[in-house]
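# Notes for the structure review
Here is what each chain is made of, one letter per residue.
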Amino acid sequence: MVSPKDFVGRDVITVGDFRREELLFLLDAAARFEDLVGPLLAGRVVATLFYEPSTRTRLSFESAVGRLGGRAIGFADAGVSSQAKGETLADTVRVVEGYSDLILLRHSAEGAARLAAEFARVPVVNCGDGAHQHPTQTLVDLYTVRRELGRLDGLHFVFVGDLRYGRTVHSLVTTLAHFQARVTLVSPPFLRLPAEQRAALETLKVPVRETHELAEAVRDADVLYVTRIQRERFADPVEFERVKDSYRVDNELLSRARPEVAILHPLPRVNEIAPEVDAHPHAAYFRQAHYGVAVRKALLALLLDRATEVLR
Ligand code: NCD
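Residues numbered from 1 in each chain as written. Predicted model: local features only at pLDDT ≥ 70, side-chain atom pairs only at ≥ 80, totals over all residues. Heavy atoms only, no water.

## Some remarks on the sheet that holds strand β4 (residues 124–129)
- In spatial order, the strands read β2-β1-β3-β4; together these four strands make up an open sheet with parallel pairing. Strand pairing shows two members of the sheet lacking a second neighbour, β2 (71–75) and β4, which therefore form its edges. Between one strand axis and the next, the sheet turns through 15 degrees on average, direction left out of account.
- Pairing analysis gives five bridges linking strand β1 (residues 45–50) to strand β3 (residues 102–107), with the strands arranged parallel. Bridge pairing links A47 to I103 in β3.
- Packing of helix α4 (residues 112–119) onto the sheet brings it into contact with β3 and β4, and relative to β4 it is tilted by some 160 degrees. (Pairing = 2+ DSSP bridges. Helix = DSSP H or I, 4+ residues; strand = E, 2+ residues; numbered from the N terminus. Axes fitted to C-alpha atoms, helices over the stretch in contact; angles between N-to-C directions. Contact = heavy atoms within 4.5 Å.)

Shown next as structure tokens:
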């Protein structure tokens, strides 16, 4: 049995921090929080330390805090923080823990959230650390799939795009082991899923197929998870130019897929999904972005020990 108390004060660094039962508990909690507005977090302060660009993650967290009556403080640009004066992340975190009840951190360095959590006495939530992990996005992705398709178990997920640098892919793909998923990975060779994740999937006995052929892979997809090529993570701009237009999802491609395929994208989209697809009844990416508020409301309330009454 999972109880709301199990989440109190926890750091969220990778999705591996959660067992299947805990993931399902979080998704059920998010459903209860979807329409909830109220003073649950009154007097609480959440700090957003965003050293990398963000629209959805930061604003949906800030919206979640605001709708639960709390306050969000922080910065969305490291250039305006004391990092610009040479302050280390460890020092910033030790200062900000005195100003807030929880820290939301996005950083370009893999392992930044883990480091911050070692120094902070308040919970730290990883909002993306380099190409590594983005656990709250995974919760949003799982919530979206379950909401769109009515179930999570036994689905065929097709991932397409930048599987090498896409942290949302890295977080989600191994989590699918909890849900008896089958996975097809579609990317140019240069953007293949890293060996570490491929090995993890093998250990977890997730059936995986890799291909370059999107048209063939979509045929029996339940979920098509599209990602942007992560330009900012390329060491060599020439490589980026070579792969930047590798795949494009359009209506012609989707005519080969099941009509009920759920189309997800963590966003931002560049050109990998044609605008015409937005009218597809199962183009879920804008709904997915909106579900971020419900999921983050539930997570914040749980970590800050304010969820028990709502979930009773
Ligand atoms: C993603 C990210 O920052 O990793 N965006 C998000 O949080 N929704 C995906 C991306 O930047 O491509």
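## Description of the site of the ligand
- Around the ligand, the neighbouring residues are R56, T57, R106, H134, Q137, R167, T168, R228, Q230, P266, L267 and P268.
- One of the side-chain nitrogen or oxygen atoms of R106 is found 3.1 Å away from an oxygen atom of the ligand.
- R167 is positioned such that a nitrogen or oxygen atom in its side chain is 2.8 Å from an oxygen atom of the ligand.
- A total of 320 Å² of accessible area belongs to the ligand in isolation, and the protein chains cover 93% of it.
- Comparing atom positions with the cavity grids shows the ligand to sit within the largest pocket.
- Every element with two or more residues in the shell around the ligand is listed here: α2 (56–67) and α6 (167–175).
- Each of domain 1 (4–134 + 292–311) and domain 2 (135–289) accounts for three or more of the residues forming the shell around the ligand. (Near = heavy atom within 4 Å. Polar contact = N/O pair within 3.5 Å; in protein donor to acceptor, adjacent residues only side chain to side chain. Areas by Shrake-Rupley, 256 points an atom, 1.4 Å probe, with all protein chains shown as cover. 1 Å grid on protein atoms, 1.4 Å probe; cavity = no way out; pocket = protein on both sides within 12 Å on 5 of 7 lines; lining within 4 Å. Sits in = over half its atoms within 2 Å of the grid points. Domains from an automatic or database assignment.)

## Observations regarding the environment of R269
- Position of R269 relative to the elements: it lies in the loop between β9 (262–264) and α11 (285–303).
- Each residue touching R269, except ones within four places of it in the same chain, is listed here: A274, P275, D278, Y285 and F286.
- Looking at R269, its side chain comes within polar contact range of the side chain of D278, at 2.8 Å.

## With respect to the nonpolar core
- Counting 63 residues, the largest nonpolar core has F33, V125 and F159 as the members making the most contacts within it.
- Looking at this core, the element that brings in the most residues is α11, giving nine residues.
- Counting the residues that make up this core, at least three belong to each of domain 1 (4–134 + 292–311) and domain 2 (135–289).
- Not counting residues up to four positions away in its chain, the partners in contact with F33 are L40, L68, A294, K297, A298, A301, A307, V310 and L311.
- V218, A221, L267 and Y285 belong to the second-largest nonpolar core, a separate cluster that totals 22 residues. (Core = buried A, V, L, I, M, F, W, Y, C linked by side-chain atoms within 4.5 Å. Buried < 20%, exposed > 50% of the residue type's maximum accessible area, 1.4 Å probe, protein only.)

## Quick notes on α2
- Here α2 spans 16 Å end to end across 12 residues, near enough to the 16 Å set by a 1.5 Å rise per residue.
- Among all positions in α2, only T57, R58, S60, F61, A64 and V65 are buried.
- Residues of α2 that are buried in the fold lie against β1, β2, β3, β4, α5 (135–149) and α11.
- Immediately downstream of α2, the backbone of G69 shows phi near 85 degrees, a positive value. (Expected span 1.5 Å × (residues − 1).)

## Digging into the layout of surface pockets
- Reported here for the largest pocket is a volume of approximately 390 Å³.
- Around the largest pocket, the lining comprises 21 residues; the ones closest to its centre are R106, R167, R228, L267 and P268.
- Of all the secondary-structure elements, those providing two or more residues to the lining of the largest pocket are α2 and α6.
- Looking at the lining of the largest pocket residue by residue, the class counts come to four nonpolar, 10 polar and seven charged.
- When we break the lining of the largest pocket down by domain, the ones giving at least three residues each are domain 1 (4–134 + 292–311) and domain 2 (135–289).
- Taken as a whole, the second largest pocket encloses approximately 290 Å³ of empty space.
- Forming the walls of the second largest pocket are 15 residues, and the residues nearest its centre are T14, V15, G16, Q133 and T174. (Points joined across faces, edges and corners; volume = space filled by probe spheres on them. Nonpolar A, V, L, I, M, F, W, Y, C, P; charged D, E, K, R; others polar.)

## Comments concerning the pattern of salt bridges
- Within this structure, the stated rule accounts for 23 salt bridges.
- In this structure, D278 and R269 form a salt bridge, with 2.8 Å as the shortest nitrogen-oxygen distance.
- The exposure class of R269 is partly exposed, given its relative accessible area of 24%.
- Overlapping salt bridges, with partners in common, bring together R10, R19, E21 and E22 in one network. (Salt bridge = Lys/Arg side-chain N within 4 Å of Asp/Glu carboxyl O.)

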